[in-house]
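# Inside the fold
The residues making up each chain are set out below.
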Amino acid sequence: MMMRGRDGSQKKHLLPSLCVAFLFFVFLFLYYGSYLSNRGHHANNALEYGSKISRSIGWISENNAELGKSEDQIFAQNDEEEISIPKSFPVCDDRHSELIPCLDRNFIYQSRLKLDLSLMEHYERHCPQSERRFNCLIPPPSEYKVPIKWPRSRDEVWKANIPHTHLAHEKSDQNWMVVKGEKIAFPGGGTHFHYGADKYIAHLANMLNFKNNIINNEGRIRTVLDVGCGVASFGGYLLSSDILTMSLAPNDVHENQIQFALERGIPAYLGVLGTKRLPYPSRSFEFAHCSRCRIDWLQRDGILLLELDRVLRPGGYFFYSSPEAYAQDEEDLRIWRQMSALVSRMCWKIAAKKNQTVIWVKPLSNDCYLKRKPGILPPLCRSDDDPDAVWGVSMEACITPYTEQIERDGGSGLSPWPSRLTTPPPRLSDFGVSREMFEKDMETWRRRVESYWGLLGTHIQTNSLRNVMDMKANMGSFAAALKDEPVWVMNVVPEDGPNTLKIIYDRGLIGTMHDWCEAFSTYPRTYDLLHAWAIFSDIEKKGCSAQDLLLEMDRILRPTGFVIVRDRQPIIRFIQKHLTAMHWEQVAAADAEPNLDSGEAAEKVLVIQKKLWLIDDDESAKDETA
């Protein structure tokens, strides 16, 4: 009994001691855990943060239970929920300052995805699941400066903004770029045009006997695809001829080439000719260009060349500058013979061949296709194949035949630029849109853009804006209203809506398709202005996170850049509550004009500017601009 009493006494003393020790270790864990978190903002913290916050206020559920909720239910916040609005977001580790979530090679490696490298699948989009997203603010480089303004930016950028000089050394003999003190200069050279893109472009126009050696052929050539574009000097120099080029290259060993292009103010997009269709509808471009782009055009029965054929307009050109076009060694001759045979079976003809360049031209009608012998390859695409379905759709090794409208008009039936912008294109009929509806849409957006510029007021100066994105472009009338501004617009058409991207290209504009539940295929800090019309309403109906979208918009927006949100009042209030955490500042807010035809709730307009913030010595974000 005495022994038991003694044991009981020891236990009574031991229990308080264990409690004290436990509390002490909890204190140490919380203190140092918080300290380390603030120091590094490492991936696990940032990955988990957004999802926890989203679920705590009901934006995301495990089973997407929000799908049936209205926007007002999703976005309305009562007083008790105010505590759930974040006061700040974590800052990503500075090694993620150039993160492209859906083109992240580290993610591909860690996920152990089984990809065919020979087919370039590792350069295609592979997006992380929501629980693996970096829900944090992407920091700019430590010495970041407000970008040089257009048109100077075509020829020089701040080295601090893209601190990579590898290409300047690797391509020094080709005049891609040159380091000059605090700047990187772009002499206009390329792999095939060392002495300048301007001279090379004039040479191409001369080969086709275009008037005065001007490549736009009196407005008949307006939209161009440049594959394997390097730092996009070819597209940059075409701008002076009123030609918009979609400069395309993957996130590959040519370090940051698309980032340099966008920093220069030249339209560009991260993409690759791999296994999926390019995110452009059929008949989008007047010509495609490959200057030593290192693409094996013969692989898989010519599937990559057939993808170019799909996006070329009737009578469109393929400009090909490569050793196969002129070299006489056995391997180059073999490739040339096989490529010539392939394009002949595709009904392409040589329009011109001179020195190191060949120009093929696509037929204007189906006549040649129908005269081919039975069973000849490549075949015509199936009648049920939609050549304009592009989001996540695999390429096919077949020829896209023309529609009845093309046969009837003897071509695309498009007006020359600039009248093309305001002339209703023939493919409007695919959507049941009349001339009157088209003209009303143009007038509506002209008034809206005029109102936007009034709200921006003194916050913008001449050339303050260059790279603009319309996140839900519809028929492209927002971009059309900016035709007299020194900007270019990336017109984005949501993948689950009407596929109006072909209307946008037929108007002489450019753009892409996208799902805003995922990250966009661009580097951080690449756009000066984002126009978000009803995007938040749309993604919440799909059960996606509005907070993820805010962080993605912040990622692609340049410091001191602007966001124009046009949406319903609950959404505007939701965004306003996040301004401090995002390091954004409200510039203006206003009621939008009522849409009497739609019968929908009135929209509001919110204009926001992103502050320039840098990482402090204690690795917290510090605002540099008001």
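Please refer to the structure placed before this passage.
Report on the accompanying structure. (Residues numbered from 1 in each chain as written. Predicted model: local features only at pLDDT ≥ 70, side-chain atom pairs only at ≥ 80, totals over all residues. Heavy atoms only, no water.)

Moving on: the sheet that holds strand β17 (residues 603–610). Pairing is mixed across the open sheet formed by 7 strands, whose spatial order is β13-β12-β11-β14-β15-β17-β16. Both outer strands of the open sheet, β13 (510–514) and β16 (584–591), are each paired with one neighbouring strand and no more. Between one strand axis and the next, the sheet turns by 20 degrees as a mean value, whatever way the strands run. Sheet topology places strand β15 (residues 557–568) next to β17; 7 bridges connect them, and they run antiparallel. Bridging from a neighbouring strand, isoleucine 564 pairs with valine 607 of β17. With respect to the sheet, helix α13 (residues 435–456) is in contact with β14 (527–533), β15, β16 and β17, its orientation differing from that of β15 by roughly 130 degrees. (Pairing = 2+ DSSP bridges. Helix = DSSP H or I, 4+ residues; strand = E, 2+ residues; numbered from the N terminus. Axes fitted to C-alpha atoms, helices over the stretch in contact; angles between N-to-C directions. Contact = heavy atoms within 4.5 Å.)

The strands making up a sheet associate through hydrogen bonds between their backbones, and the pairing can be parallel or antiparallel. Taken in spatial order, the 3 strands make up an open sheet running β1-β3-β2, and their pairing is antiparallel. Of all strands in the sheet, those with a lone pairing partner are β1 (156–158) and β2 (178–180), marking the two edges. Strand-to-strand twist in this sheet, taken as the mean axis angle between neighbours without regard to direction, amounts to 30 degrees. Here β2 runs beside strand β3 (residues 183–185); their pairing, made up of 3 bridges, is antiparallel. Pairing of valine 179 across the sheet is with isoleucine 184, part of β3.

Our focus in this paragraph is the packing of aromatic side chains. One pass over the structure, following the stated rule, counts 23 aromatic pairs. With 5.7 Å between their ring centres and 75 degrees between their planes, tyrosine 269 and phenylalanine 520 make a pair best called edge-to-face. Taken together, the residues tyrosine 269 in strand β6 (residues 268–270) and phenylalanine 520 in the loop between β13 and β14 connect sequence positions 251 residues apart. Centroid distance tryptophan 336 to tryptophan 360: 5.7 Å. Interplanar angle 25 degrees. Geometry classified as stacked. Of this pair, tryptophan 336 sits in helix α10 (residues 330–345) while tryptophan 360 sits in strand β10 (residues 357–361); the two residues are 24 residues apart in sequence, bridging distant segments of the chain. Residue classification places tryptophan 336 among the buried residues on the basis of a relative accessible area of 16%. (Phe/Tyr/Trp six-rings, centres within 6.5 Å; stacked < 30°, edge-to-face > 60°. Buried < 20%, exposed > 50% of the residue type's maximum accessible area, 1.4 Å probe, protein only.)

Let us now look at the layout of surface pockets. A volume near 680 Å³ is recorded for the second largest pocket. Along the wall of the second largest pocket there are 40 residues; nearest its centre are Gly228, Asp252, Arg292, Cys293 and Arg294. It is helix α9 (residues 299–311) that contributes the most residues to the lining of the second largest pocket, 3 residues altogether. Its residues assigned to classes, the lining of the second largest pocket comprises 19 nonpolar, 14 polar and 7 charged. (1 Å grid on protein atoms, 1.4 Å probe; cavity = no way out; pocket = protein on both sides within 12 Å on 5 of 7 lines; lining within 4 Å. Points joined across faces, edges and corners; volume = space filled by probe spheres on them. Nonpolar A, V, L, I, M, F, W, Y, C, P; charged D, E, K, R; others polar.)

The subject of this paragraph is the pattern of salt bridges. Two side chains with opposite charge may pair up if their charged atoms get near one another. Summed over the entire model, instances satisfying the criterion amount to 37 salt bridges. A salt bridge links aspartate 388 to lysine 502; the nearest nitrogen and oxygen atoms lie 3.1 Å apart. With a gap of 114 residues between them, aspartate 388 in the loop between α11 (367–371) and α12 (404–409) and lysine 502 in helix α15 (residues 501–506) connect regions that are remote in the sequence. Residue classification places lysine 502 among the buried positions, given a relative accessible area of 9%. Between arginine 447 and glutamate 443 there is a salt bridge, with its nearest N and O atoms 3.8 Å apart. Of the two residues, arginine 447 and glutamate 443 both sit in helix α13, 4 residues apart, roughly one turn of that helix. (Salt bridge = Lys/Arg side-chain N within 4 Å of Asp/Glu carboxyl O.)

To continue, consider empty space enclosed by the protein. One pass over the structure, following the stated rule, counts 6 cavities of 30 Å³ or more. As a volume, the largest cavity reaches approximately 310 Å³. Around the largest cavity sit 23 residues that line it, and Pro101, Arg133, Ala519, Asp548 and Glu552 are the ones nearest its centre. No other element matches helix α17 (residues 546–556), which puts 5 residues into the lining of the largest cavity. Of the residues in the lining of the largest cavity, the class split is 15 nonpolar, 2 polar and 6 charged.

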